[in-house]
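Single-letter residue listing:
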Amino acid sequence: EDKVVQSPLSLVVHEGDTVTLNCSYEVTNFRSLLWYKQEKKAPTFLFMLTSSGIEKKSGRLSSILDKKELFSILNITATQTGDSAVYLCAVDPNAGGTSYGKLTFGQGTILTVHP
Amino acid sequence: DAGITQSPRHKVTETGTPVTLRCHQTENHRYMYWYRQDPGHGLRLIHYSYGVKDTDKGEVSDGYSVSRSKTEDFLLTLESATSSQTSVYFCAISRDSLALFFGEGSRLTVL
């Protein structure tokens, strides 16, 4: 059974801090790993990683994948109160055929940023 | 905004009644998905579709059926709702990048 584990489950920081969120996975096959941010409503897409060691970056957010050790990290620098959200990690297994997008999600990390 | 509309956004119903949730997309994507989100379980795949009339089961498909008669619409039906189906339901589409983009969610409460 495919499994995605995120840590920590929750995190409280102050504005300006840097945070690192972790995601480890065990899957039979691997196509990609995705990060999402969820505030009050729908998860919004942040990054998709398919290759080891290549950092994806968007503003203060960055992510990297290690396919050998089966984990990914999401870094947020100079945090702001608007970064408060649940961050979800998901893995897309490569089952072939028409099996696209059958993501396995972790439980998420609840990030709270205080002013 | 991923061009996805879910309806209804909120619904309260009683055990044993049928419920249909609708997902409508405006972007002509082939792949569509229904996920449910529950505390402690994250998001779990219920059913997905890879084309008109082409659907398949996900991880938690028991008690649910789906239909896709047009590219733009993907319906999720609970034939006889149970309290364990109280959840937030998200529809998603897959764009060329293969990343999923989600609708705003439908909150269903089964009393």
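Calculation rules
Residues numbered from 1 in each chain as written. Chains lettered and ligands numbered in written order. Predicted model: local features only at pLDDT ≥ 70, side-chain atom pairs only at ≥ 80, totals over all residues. Heavy atoms only, no water. Salt bridge = Lys/Arg side-chain N within 4 Å of Asp/Glu carboxyl O. Buried < 20%, exposed > 50% of the residue type's maximum accessible area, 1.4 Å probe, protein only. Disulfide = S-S within 2.5 Å. Helix = DSSP H or I, 4+ residues; strand = E, 2+ residues; numbered from the N terminus.

**Overview of the pattern of salt bridges**
Using the criterion set out here, one finds 7 salt bridges over all chains in the structure. A:E39 serves as the salt-bridge partner of A:K37, at 4.0 Å between the closest nitrogen and oxygen. With a relative accessible area of 15%, A:K37 lands in the buried category. The closest approach of N and O atoms between B:R22 and B:D73, which form a salt bridge, is 3.1 Å.

**Section: the state of the cysteines**
All told, the structure shown has 2 disulfides over all chains when counted by the stated rule. Here A:C23 is linked by a disulfide to A:C89, with a sulfur-sulfur distance of 1.9 Å. For the disulfide bridge between A:C23 and A:C89, the dihedral angle about the S-S bond is near -70°, and by the sign convention the bridge is left-handed. Of this pair, A:C23 sits in strand 3 (residues 19-26) while A:C89 sits in strand 9 (residues 85-92); the two residues are 66 residues apart in sequence, bridging distant segments of the chain. Judged on exposure class, the residue A:C23 and its partner A:C89 are both buried. For B:C23, the disulfide goes to B:C91, at an S-S distance of 1.9 Å. Handedness of the B:C23-B:C91 disulfide follows from its S-S torsion of about -75°: it is left-handed. Residue B:C23 is found in strand 3 (residues 19-25), and its partner B:C91 is found in strand 9 (residues 87-94); the two are separated by 68 residues along the sequence. Comparing B:C23 with B:C91, the two get one shared label, buried.

**A word on the environment of A:G59**
Residues and elements named next belong to chain A. On the secondary structure map, G59 appears in the loop between strand 6 (56-58) and strand 7 (61-66). The exposed category is assigned to G59, whose relative accessible area is 60%. In this structure the C-alpha to C-alpha distance between G59 and Q38, which are 21 residues apart in sequence, comes to 18 Å.

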